[in-house]
Amino acid sequence: MSRKIFPLYILAVILLAACGSKGFSLEFSLPAATDTNYTVRYYASDKRGGMTVESVVIIAKGKGSIKCPAIKPCLMYLYTGSAAPLAIFAERGDKITVEGKSADPYAWTIGGNDINLRLSQWRNDNAKTLAANNPDSTNLAVARFVMNNPEAEIAPILLLTSFSRNDDETLFRRLWQRLPDQGAAREWARMAARADMPDGIIHTPGRLHSMAMRSLANGIDTICTDSVKATILFFWNNGLDNRKETFDSIKALVREFPDSASRVIADICLDPDSLGWRSPLRSDSLEKVVRMWAPAGMADPRLMRLGVTRSPFYIVFSPDGHQRYRGDNRENAFKTFRSIAGTEAD
């Protein structure tokens, strides 16, 4: 057995041993016509480290149960099919009950502790919104709760498990910073095993004053945010969905702000291959746009400082170099750019 695998093996043995008195259980009581399988997944850890545990619970005639290894408290995700996974809090010795009179997971009541009951109540109250599977509507429902109840123990859980950060990163950051107990919030982030918050902290994205990078037109171009009214950077890879629509919208933005001396509009390809960068540019026919290339992709130190974590991705900067918008919502990015750049008549 390799040295790398051995610690994980030991941890797995320890966690499996916790299935008894040190684990927790889930017991289902659903409509009698329910015959299906559900997946449960969570991050189990102890002082030595952690690992992701995934199991399947079999539901027959509405009944089913499963025992789960756990040493430290954890956040579990219950996958029930088309619905978004349900967040469940569990710690050693808990007997988690999942009860429902319908097939709608958002109408179920999950018990075993007060946190699960509060999460169930929120899901019950917002069942129609959640069933619609619209990120904007769900984000708004979470935002309302967090704004009105920032001190609630389930506030960080809802942000971590129900809020789509990809669809509104700015609002996510604003809501997270409203949480009064940041220490507790970081612990919830650890339990949620968020890849974008490995230490449970939202790091302030870097400011940008100037950045030189390979460009199509000049070999090297330098972006300077303090010499223009507004700057927008668009990061992309080949295989981008709706590529024509995306770049047509950038063309339209250029027409709105034709004076390239007063603003910067740049697209940055993250593909490692120069041919993969240059080939699609021929069909875009973009003018007055800085066309740049970062072959190291998101591993580029400059992009890491800016917090570029995915593609496609937009960042809008004000003249002081601060990031005024970051995320993958094109409309919100353009709206922020317009509000900073003003109109060409200004």
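Below is a summary of the structure that appears in this document. These figures come from a predicted structure and were not determined experimentally.

Considerations on the sheet that holds strand β8 (residues 109-110)
The four strands lie next to each other as β4-β1-β7-β8, forming an open sheet whose pairing is mixed. Single-partner strands in this sheet number two, and they are β4 (63-68) and β8. Judged from the five bridges that link them, strand β1 (residues 24-29) and strand β7 (residues 95-99) form a sheet pairing that is parallel. When the bridges of β7 are listed, L26 appears paired with I96.

Topic: the packing of helix α4 (residues 135-148) against helix α6 (residues 169-178)
Where α4 meets α6, the axes come as close as 10 Å, and the angle between the chain directions of the two elements is 25°. With respect to α6, the element α4 is oriented roughly parallel. For the pair α4 and α6, the sense of crossing is left-handed. Residues A143, V146 and M147 of α4 form the contact with α6, whose participating residues are L171, L175 and R178.

Some words on the pattern of salt bridges
A complete count under the given rule lists 16 salt bridges for this structure. The partner of E256 in a salt bridge is R338, with the nearest N and O atoms 2.8 Å apart. A residue pair is termed long-range when its members are at least 10 positions apart, and E256 in helix α8 (residues 243-256) and R338 in helix α12 (residues 330-341) qualify at 82 residues. Under the relative-accessibility criterion, E256 is labelled partly exposed at 36%. Of the charged contacts in the structure, one is a salt bridge between D267 and R291, with a shortest N-O distance of 2.9 Å. Of this pair, D267 sits in strand β12 (residues 263-269) while R291 sits in strand β13 (residues 290-293), and the two are 24 residues apart along the sequence. Considered together, D267 and R291 belong to a single accessibility category, that of buried residues. One salt-bridge network, in which partners are shared between bridges, spans R165, E169, R173, R310, R326 and D328.

Here we look at the sheet that holds β12
Sheet strands pair by backbone hydrogen bonding; their relative direction is either parallel or antiparallel. The strand order across the open sheet built from seven strands is β10-β9-β13-β12-β11-β14-β15, with neighbouring strands paired in mixed fashion. Unpaired on one side and paired on the other, β10 (219-224) and β15 (323-327) mark the two borders of the sheet. In this sheet, neighbouring strand axes are inclined to one another by 30° on average, regardless of whether the strands run parallel or antiparallel. The strands touched by α8 within the sheet are β11 (230-236), β12, β13 and β14 (313-317), with β11 carrying the most contacts at an inclination of about 165°. Here α12 sits on the sheet in contact with β11, β12, β14 and β15, set at roughly 15° to β14.

Let's talk about the pairing of strand β6 (residues 86-90)
When you tally the buried positions in β6, you get five out of five residues, the bulk of the element. Direction of pairing for strand β5 (residues 74-79) relative to β6: antiparallel, over a ladder of five bridges. Bridging across to β6, L78 finds its partner in L86. The turn joining β5 and β6, which pair antiparallel and follow one another in sequence, is formed by six residues; a positive phi near 120° is taken by G81.

Quick word on the side chain of N126
Structurally, N126 can be placed in the loop between α2 (114-125) and α3 (127-131). Here N126 falls in the buried class, since its relative accessible area comes to 15%. Within polar-contact distance, the side chain of N126 engages the backbone oxygen of W122 at 2.8 Å.

Re the packing of aromatic side chains
Using the criterion set out here, one finds twelve aromatic pairs in the structure. Relative to W188, the ring of F89 has its centre 5.2 Å away and its plane inclined at 70°; by these criteria the two rings are edge-to-face. Pair noted here: F89 is in strand β6 and W188 is in helix α7 (residues 182-192), with a separation of 99 residues, a long-range link. Of the aromatic side chains, those joined through ring pairs into one cluster are F234, W236, F247, Y314 and F334.

Thresholds applied
Residues numbered from 1 in each chain as written. Predicted model: local features only at pLDDT ≥ 70, side-chain atom pairs only at ≥ 80, totals over all residues. Heavy atoms only, no water. Pairing = 2+ DSSP bridges. Helix = DSSP H or I, 4+ residues; strand = E, 2+ residues; numbered from the N terminus. Axes fitted to C-alpha atoms, helices over the stretch in contact; angles between N-to-C directions. Parallel < 35°, antiparallel > 145°, perpendicular 65-115°, else oblique. Left-handed = near helix turned anticlockwise from the far one by under 90°. Contact = heavy atoms within 4.5 Å. Salt bridge = Lys/Arg side-chain N within 4 Å of Asp/Glu carboxyl O. Buried < 20%, exposed > 50% of the residue type's maximum accessible area, 1.4 Å probe, protein only. Polar contact = N/O pair within 3.5 Å; in protein donor to acceptor, adjacent residues only side chain to side chain. Phe/Tyr/Trp six-rings, centres within 6.5 Å; stacked < 30°, edge-to-face > 60°.

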